[in-house]
Amino acid sequence: MTSHPDQEAAQREFREYCRAWLTEHRPPPAPVRLPQHPIETMTRAQLDYLQAWQRRCYDAGLVGADYPKEYGGRGNKGFQRIANEEMNRARTPFLINMVGLGMAAPTIFHHAQEELKRELLPPLLSGEQIWCQGFSEPGSGSDLASVQASLRPDPASPGDYLLNGHKVWTSLAHFAQWMILLVRTSSDHKHKGLSYFVVPVENHPGVTVRPLIKLTGETGFNEVLFEDTPVKDAWRLGALGEGWNVAMTTLLHERGAGPLVTPQGGVGSEGLAHNVQGLVSLARTLRRNGKPATEDPHVRARIAALAIRERGIVENGKRARAAALQDHPMRLPLQVKLAGGERVLGLPKS
Amino acid sequence: MSNAPYGFNDDCALFRESARKFLASHAGLDVLRRAAAQDPDPARMPTAYPSEEGWQQAQELGWIAAAIPEAAGGLQLPRGALVALAEQLGKHAFPSAAESTLGVAFLARRAAEGTAQAALFEQLLAGARATLAVCNADGDWQHTPSVVGASSPGGGLTLTGSAHFVQDAGRAELFVVRVAGPAGSLLAVVPRGSAGLSVQRDGIVDLTREQGTLHFEAVLVPTDAVLPGGDALLAESLPDTWLLLAADMVGASEWLLQTTVEYAKVRTQFDRAIGGYQAVKHPLVNAMMAIDRAKSLVYAAAHALDEGAPDALLLAHMAKAQAAEAAAFTSNRAVQLHGGIGFTWESDVHFFFKRNKHSELLFGDAGYHQAKVADLVIGA
Ligand SMILES: Cc1cc2nc3c(=O)[nH]c(=O)nc-3n(C[C@H](O)[C@H](O)[C@H](O)COP(=O)(O)OP(=O)(O)OC[C@H]3O[C@@H](n4cnc5c(N)ncnc54)[C@H](O)[C@@H]3O)c2cc1C
């Protein structure tokens, strides 16, 4: 990436600012046990704490840095990545509005009408309004385009609609005010029959959010039922029947490949080296078969494998900036989500 | 140079492009097959491939000069250019002594100035193929016990014993031999054809490589053919050899990945392309991720060595370990996903599978390098 010297100086200055601010405002230990990841957030007390933290970061200019001012951002392209790196470095709590920042915001930015952007983006960036994603359905998992939740004209409000359907695996819906929604508006064509809307889900008629219990015993995702739920045409992103293309914008960003960088707490690659060091420190304090765990060959091999893997991911990020060293322009960016997912699930064999 | 990540500048890209073009026109798989078929032993590649003319052309493209300092008459490109070359060699499964010779060129660069160094540079620039002969029969990659002994009756050294797992033994003109001398270990440069030196070719799985055992029976070496530095010099320069092998595995694995993806798109079962099934897609994605991490580590390590960065050794171990894992995983899946045809000589997959297997083990397998990473990250 070739950047202007002025821009580089401004970025350096911003990094120093972030570092100083984070040192001064590092939050005290949380009064509640914090979840490991945004989608593990289960209790209102956890939410309150994390929402307050996102608000402070937003007020300080560490969230939404790359978004234009009229949408509640700071209008400084190329700054958000720096803020993310510094937040990871300082090991601060994650930003709770994960679906909002990562998926909804860039989709709204690229596809919503001007008025809607001005209304929705500022409270999204500040974390005041939490977002969720209504893509998956019981019958359409891997095959996303087979979505069945549907709209029909609202007899009471011409031009608007009523929504019926069943969404599932909806992370954070139990706290969300808004949902990004992929819905069927025509049964004639699989892909061209889809449309994309944003809908309110909290205290909105005909919406039922039911938590699903995960194998960990926690909730964090839900099923969402819609029964004649009113949906305004003004909440539409893109033309009717163009929902698949809009959804592709969302998915591109969900996989970390979009140009509007958003902080997702622990999901970024920037803090990886800290994890390995943390594990080494932990292994030093533990004993295994009567000896320090650091002397156990199995522990050593696993830590080394993790160190190699995580450094590889960090170096992927650097190599992604060298066009000459890539085999396909999207190949490295698209791996960000996979790598992140594997970290949540544990170390894979290869 | 911060605007060229890993120091991979335009010169590097040009150098790689010229190598790629050369290989595309000289090293098609049909050429490889024909060459392999020439040896009466179907499991061996003739040492005469590539031809003398082909090697000269490669020299003209600066393959070896790129590793030699400008002051000695070389081109001295960043290491990124050389790992990029090795990546192309792997992608084309090209049988040549280029990687061994580059390993020796890097060793010469680190040696102290003197007659031995100057002579080595001169011969390498003149097109001599060279290789390391530093291993004992156990394949101990620590290179501790040496089995080539020396006595020094007058002035020079007299070598006796054997060196094993010598790459390109059948085609190298110069051997850098690890010798247990009267006063510690030494590295002696011994020309092929020296009186008392015989080369015995090994049977190996990799059809595109060549390996042998050297037997020394009172081989005389003059004092000025000894590189000062001994084991310390060897240890310092081994990371370059690991990186060339790692880059080769990245290239070979990439070929396997792309070829298997293409196959998965055309091979149909139950009226569907097999690539439509996630059971097929997922391992291919995993291979891609493993290869990409290996590639990033290779370039990061190459640059770190150029810069003399403190974590250069760590990165080099990581690169070899990760490349070996990626190569093993990709090679196995490529054979399996090709189904029955993957098991046949007819499919080209086996050339790359075997080349990767050879590279995986050479100069330390994944486990060896992983253990070194653990020593550096946790402490020995
Ligand atoms: C923790 C978590 C949070 C999530 N959060 C959200 C969210 O906020 N919003 C949202 O919209 N979605 C969310 N999802 C849904 C997720 O993104 C996937 O879409 C969903 O899990 C996949 O669909 P499914 O479970 O119906 O599986 P299925 O599509 O039924 O697949 C089941 C299995 O069959 C395999 N399979 C499927 N088709 C084939 C085929 N043709 N050939 C071979 N194998 C096949 C799959 O690989 C899989 O192993 C979440 C999921 C999880 C686990």
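Remember, it's a predicted structure, so these values are computed and weren't measured experimentally.

What counts as what
Residues numbered from 1 in each chain as written. Chains lettered and ligands numbered in written order. Predicted model: local features only at pLDDT ≥ 70, side-chain atom pairs only at ≥ 80, totals over all residues. Heavy atoms only, no water. Helix = DSSP H or I, 4+ residues; strand = E, 2+ residues; numbered from the N terminus. Rg over C-alpha atoms; globule rule 2.2 N^0.38 Å. Buried < 20%, exposed > 50% of the residue type's maximum accessible area, 1.4 Å probe, protein only. Contact = heavy atoms within 4.5 Å. Areas by Shrake-Rupley, 256 points an atom, 1.4 Å probe, with all protein chains shown as cover. Phe/Tyr/Trp six-rings, centres within 6.5 Å; stacked < 30°, edge-to-face > 60°. Lys NZ or Arg CZ within 6 Å of the ring centre and 35° of its normal. Near = heavy atom within 4 Å. Polar contact = N/O pair within 3.5 Å; in protein donor to acceptor, adjacent residues only side chain to side chain. Nonpolar A, V, L, I, M, F, W, Y, C, P; charged D, E, K, R; others polar. Salt bridge = Lys/Arg side-chain N within 4 Å of Asp/Glu carboxyl O. Buried area = accessible area lost by both parts, 1.4 Å probe. Expected span 1.5 Å × (residues − 1). Arc of directions from axis to C-beta. pLDDT = per-residue confidence, 0-100.

(A) Seen up close, the overall build of chain B. The helix and strand inventory of chain B stands at twelve helices and ten strands. Taken over C-alpha atoms, the radius of gyration comes to 21 Å for chain B, in line with the 21 Å a tight globule of 380 residues would show. C-alpha atoms of chain B, sized along the principal axes, occupy 80 × 50 × 40 Å. By the burial criterion, 59% of the 380 residues in chain B qualify as buried. Considering only residue pairs separated by 6 or more positions, chain B has 75% of its internal contacts joining residues 24 or more positions apart. For chain B, the exposed surface amounts to about 14500 Å²; the carbon and sulfur share of it is 56%.

(B) Quick look at the side chain of glutamine 59 of chain B. The residue glutamine 59 of chain B is located in helix H3 (residues 52-60) in this model. The contact partners of glutamine 59 of chain B, leaving out residues within four places of it in the chain, are Ile64, Leu124, Leu125 and Gly127 of chain B.

(C) Structural view of the packing of aromatic side chains. Residue and element names in this part refer to chain A. In the structure shown here, the tally under the stated rule is 17 aromatic pairs over all chains. On the basis of an interplanar angle of 75 degrees and a centroid distance of 6.0 Å, the ring pair of tyrosine 71 and phenylalanine 109 is categorised as edge-to-face. Of the two residues, tyrosine 71 sits in the loop between helix H2 (44-59) and helix H3 (80-89) while phenylalanine 109 sits in helix H4 (residues 98-111), which places them 38 residues apart along the sequence. When the centroid spacing of 5.6 Å and the interplanar angle of 15 degrees are considered together, the rings of tryptophan 131 and tryptophan 178 count as stacked. A residue pair is termed long-range when its members are at least 10 positions apart, and tryptophan 131 in strand E1 (residues 131-134) and tryptophan 178 in strand E4 (residues 178-184) qualify at 47 residues. The exposure classification of tryptophan 131 matches that of tryptophan 178, with both residues buried. Sitting above the plane of the phenylalanine 109 ring, lysine 117 keeps its charged end 5.2 Å from the centroid. The ring of phenylalanine 221 has lysine 214 lying over it, and the distance from NZ or CZ to the ring centre is 5.1 Å.

(D) Focus on the site of the ligand. The immediate surroundings of the ligand are formed by Ile39, Gln133, Phe135, Ser136, Gly141, Ser142, Trp169, Thr170, Ser171 and Phe221 of chain A together with Tyr277 and Gln278 of chain B. Residues lining the ligand come from chains A and B. For the ligand, a nitrogen atom lies 2.7 Å from a polar atom in the side chain of serine 136 of chain A. Between a nitrogen atom of the ligand and a side-chain N or O atom of serine 171 of chain A, the distance comes to 2.9 Å. When grouped by side-chain class, the residues that make up the shell around the ligand number five nonpolar, seven polar and no charged.

(E) Broad picture of the pattern of salt bridges. Taken as a whole, this structure holds 42 salt bridges over all chains when the rule is applied. Residue arginine 300 of chain A pairs with aspartate 375 of chain B through a salt bridge whose shortest N-O separation is 2.8 Å. With arginine 300 of chain A in helix H8 (residues 297-319) and aspartate 375 of chain B in helix H12 (residues 366-378), the pair connects residues from two separate chains. As a salt-bridge pair, glutamate 87 of chain B and lysine 295 of chain B come within 3.2 Å of each other at their nearest N and O atoms.

(F) Seen up close, the interface of chain A and chain B. Taken together, the 34 residues of chain A in the interface contact 36 residues of chain B. Roughly 3000 Å² of surface becomes buried between chain A and chain B when both sides are summed, with 59% attributable to carbon and sulfur atoms. Our count for the contact surface shared by chain A and chain B stands at six salt bridges. In this structure, the connection of chain A to chain B is made through twelve residue pairs in polar contact (both at pLDDT 80 or more). At the level of elements, helix H7 (272-285), H8 and helix H9 (335-345) of chain A are the ones that each hand at least two residues to the side of chain A that touches chain B. Among the elements that take part in the side of chain A that touches chain B, H8 of chain A stands out by supplying 15 residues, more than any other.

(G) The arrangement of helix H1 (residues 10-26) of chain B in detail. Residues and elements named next belong to chain B. With 17 residues, H1 should cover 24 Å at 1.5 Å per step; its first-to-last C-alpha distance of 24 Å lies within 8% of that length. Considered for burial, the residues of H1 that qualify are Cys12, Phe15, Arg16, Ala19, Phe22 and Leu23. All buried residues of H1 project into a common sector of 125 degrees when viewed along the axis, lining one side. Within H1, the exposed residues directed more than 90 degrees away from the buried face are Asp10, Leu14, Lys21 and Ser25. The secondary structure elements touched by the buried residues of H1 are H3 and helix H4 (79-91). At the N-terminal end of H1, a side-chain oxygen is found 3.1 Å from the backbone nitrogen of aspartate 11, two or three residues along, and the residue is asparagine 9.

(H) The arrangement of helix H5 (residues 98-110) of chain B in detail. Helix length check: H5 of chain B, at 13 residues, gives a terminal C-alpha distance of 19 Å against a target of 18 Å (1.5 Å per residue), a fit within 8%. Those residues of H5 of chain B lying buried are Ala98, Glu99, Ser100, Thr101, Leu102, Gly103, Val104, Ala105, Phe106, Leu107 and Ala108 of chain B.

(I) How the structure looks around the confidence of the model for chain B. Averaged over every residue, the pLDDT of chain B is 93; the share at 70 or more is 97%. On the interface metric, ipTM, the complex scores 0.84, and its pTM is 0.80.

(J) Structural context of unusual backbone geometry. Located in the positive-phi region is leucine 172 of chain A, a residue other than glycine, with phi close to 65 degrees. With respect to the secondary-structure elements, leucine 172 of chain A resides in the loop between strand E3 (161-167) and E4. Using a relative accessible area of 0% as the deciding quantity, one classes leucine 172 of chain A as buried. Here the phi dihedral of aspartate 271 of chain B falls at roughly 65 degrees; this positive angle occurs in a residue that is not glycine.

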